[in-house]
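Observations on the model geometry
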Amino acid sequence: MVREGVTDLLVPGDFCKKGPGSRTSEVFYNRQMEFGRDISVLFGREVFQEGQRILDGLAATGARGLRLANECGVRAEFVLNDRDLRAAVLMKQNAELNSLGHVTIHCRDLRSLLADEQFDYIDIDPFGTPVEFIDAALQSCRNRGVIAITATDTAPLYGAYPRTCLRRYGALSAKSPFAHETGLRILIGFVVREAAKLDRAVEPLLCYHADHYFRCYLRIVNGAMRADAAMGKLGFVSYDKKTMRREMALERASKSDAGPLWAGSLHSKDLVRAMRTTGDLGTAPRCAKMIEIWREEASVPPMFYSMDELARRTKLSPPKLAEFIEHLAEKGASASRTHFDPKGIKTDAPLAELLRNYRSMAKARAK
Ligand SMILES: C[S@@+](CC[C@H](N)C(=O)[O-])C[C@H]1O[C@@H](n2cnc3c(N)ncnc32)[C@H](O)[C@@H]1O
């Protein structure tokens with residue numbers, strides 16, 4: 001048995017594996033995803049409302065859905081589903097272990113459940129790509145509801161397999177120092193286009209990259225005009241390795257551009273401002289640190305630079321990241337850390353200005 005937050009969970013014996021989920025002969029459980037589930041609990045505490053229907057669609061042991069039911073402090077209807085009968089049996093035991101007998105458990109193909117019922121929150125946490133569930137989830141999600149998606153097929157989204165990315169997401173990925181951000185934005189862009197077919201718009205509430213996966217919490221809102229507006233925030237990113245120039249444009253300008261991808265904000269500023277970690281969470285310090293960085297980067301334009309790139313380009317060893325950010329802010333630019341890369345910097349300063357400031361700071365430091 002393990003404990004996450006204040007929820008006890010019976011889990012299979014070999015649960016200590018790291019990395020993305022894979023199909024195994026046992027019910028799936030990955031301790032490394034505790035951070036992601038802690039964030040789900042913090043998200044649920046801010047967003048769930050009384051009486052809503054909350055679905056953990058691919059629940060396995062029930063770790064996420066049961067924690068949402070047990071730790072969000074909201075009186076809602078919680079539904080857990082997995083097509084594997086052993087998973088359904090285990091999640092029922094786990095529900096009883098935590099006195100959560102009121103949780104509904106289904107053992108169905110998620111797409112068939114979504115075709116029959118409507119929900120205010122749909123969690124999709126698959127092995128690999130979520131694409132096969134997106135259309136059904138978009139049709140089942142109530143107006144102003146939320147779809148939460150995990151994608152562990154990071155290699156295609158990072159640009160390692162652009163053809164696979166094109167096949168799955170209808171978008172071209174490309175390798176770059178900021179490929180983690182490109183991949184996340186391709187995933188969001190895909191959902192925006194799928195939703196627009198149904199005259200529905202997507203508003204990203206909290207989208208991030210962690211460990212081996214992407215995670216997006218997306219609000220789904222009815223309206224053709226809103227859907228058009230969301231489509232208007234799709235674009236293409238170009239990257240020139242030699243000059244370090246990266247640019248976002250509405251149209252694809254060259255064969256090597258990545259996209260279409262989401263060019264808008266990754267986080268709701270109000271939500272990340274409101275989210276507060278609590279001591280009962282197993283990964284509380286990591287949650288607090290991430291929330292702080294999400295708050296900072298919510299106001300800065302997309303596509304970060306890495307200090308390593310700046311060092312290579314200028315042939316000067318980097319100043320401290322925090323000091324460089326402060327220096328840019330003193331010069332009147334917006335600048336922040338980014339959760340994508342501990343050595344990453346987001347800024348609205350034009351590249352020439354960024355390099356000029358980097359050089360002057362790195363040289364002063366070397367003296
Ligand atoms: C990665 S695991 C889910 C992990 C879980 N959310 C957690 O936090 O521990 C994916 C689960 O989806 C289930 N699954 C895969 N395809 C499905 C489908 N079409 N319908 C319902 N369940 C499915 C698998 O049986 C597996 O238990």
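All values derive from a computational prediction rather than experimental measurement. (Residues numbered from 1 in each chain as written. Predicted model: local features only at pLDDT ≥ 70, side-chain atom pairs only at ≥ 80, totals over all residues.)

Within the span of helix H5 (residues 131-140), buried status applies to Val 131, Phe 133, Ile 134, Ala 137, Leu 138 and Ser 140. Along the axis of H5, the buried positions cluster into a sector of 155°, meaning they face one direction only. (Buried ≥ 20, exposed ≤ 12 C-beta atoms within 10 Å, placed from the backbone. Helix = DSSP H or I, 4+ residues; strand = E, 2+ residues; numbered from the N terminus. Arc of directions from axis to C-beta.)

Let us look at unusual backbone geometry. Cis peptide bonds are those with omega within 30 degrees of zero, and the linkage from Gly 259 to Pro 260 qualifies with 5°. Mapping Pro 260 onto the fold places it in strand S12 (residues 258-262). At Asp 211, a residue that is not glycine, the phi angle is positive and equals roughly 45°. In this structure, Asp 211 sits in the loop between strand S8 (200-210) and strand S9 (213-222). A count of 15 C-beta atoms within 10 Å places Asp 211 in the partly exposed class. At Met 303, a residue that is not glycine, the phi angle is positive and equals roughly 70°.

On to helix H8 (residues 179-196). With 18 residues, H8 ought to run about 26 Å at 1.5 Å a step, and its terminal C-alpha atoms sit 25 Å apart, in line with that. The element H8 is largely enclosed, with a buried count of 17 among its 18 residues. (Expected span 1.5 Å × (residues − 1).)

So, about the site of the ligand. Looking at the ligand, there are 20 residues lining it, with Leu 58, Ala 60, Arg 83, Leu 110 and Asp 125 nearest. A per-class count over the shell around the ligand returns 11 nonpolar, 2 polar and 7 charged. (Near = placed C-beta within 6 Å. Nonpolar A, V, L, I, M, F, W, Y, C, P; charged D, E, K, R; others polar.)

Looking now at the nonpolar core. Of all hydrophobic cores here, the largest spans 113 residues; its most connected members are Met 91, Ala 137, Ile 147, Leu 187, Val 192, Ala 195 and Leu 218. Shared between two domains, this core holds at least three residues of each, these being domain 1 (2-294) and domain 2 (302-366). Excluding residues within four positions of it along the chain, Ala 137 makes contact with Leu 114, Ile 122, Ile 124 and Ile 147. (Core = buried A, V, L, I, M, F, W, Y, C linked by C-beta atoms within 7 Å. Domains from an automatic or database assignment. Contact = placed C-beta atoms within 7 Å.)

Further remarks concern the domain arrangement of the protein chain. Domain annotation of the protein chain identifies domain 1 (2-294) and domain 2 (302-366). Here the C-alpha centre of domain 2 lies 31 Å away from the C-alpha centre of domain 1. Counting residues at the interface gives 15 residues for domain 1, matched by 11 residues for domain 2. Those elements that provide at least two residues to the side of domain 1 that touches domain 2 are H8, S8, strand S11 (246-249) and helix H11 (284-297). Top element by residues in the side of domain 1 that touches domain 2 is H11. It accounts for 3 residues. Grouping the amino acids of the side of domain 1 that touches domain 2 by side-chain chemistry returns 10 nonpolar, 2 polar and 3 charged.

This next bit is on the environment of Ile 345. Among the secondary structure elements, Ile 345 is positioned in strand S15 (residues 341-347). Along the chain, Ile 345 and Arg 313 lie 32 residues apart, while their C-alpha atoms are 15 Å from each other. Not counting residues within four places of it along the chain, the set of residues in contact with Ile 345 comprises Phe 304, Tyr 305, Met 307, Leu 321, Phe 324, Ile 325, Ala 335, Arg 337 and Thr 338.

Next up on the list: the sheet that holds S12. Pairing is antiparallel in the open sheet, where 3 strands are placed in the order S11-S10-S12. Each of the sheet's edge strands pairs with one partner strand only, and the pair in question is S11 and S12. Each strand axis lies, on average, 35° off the axis of its neighbour in the sheet, ignoring direction. Judged from the 4 bridges that link them, strand S10 (residues 234-239) and S11 form a sheet pairing that is antiparallel. The residue of S11 that forms the bridge with Tyr 239 is Arg 246. Packed on one face of the sheet, H8 meets S10 and S12 and runs near 65° to S12. (Pairing = 2+ DSSP bridges. Axes fitted to C-alpha atoms, helices over the stretch in contact; angles between N-to-C directions.)

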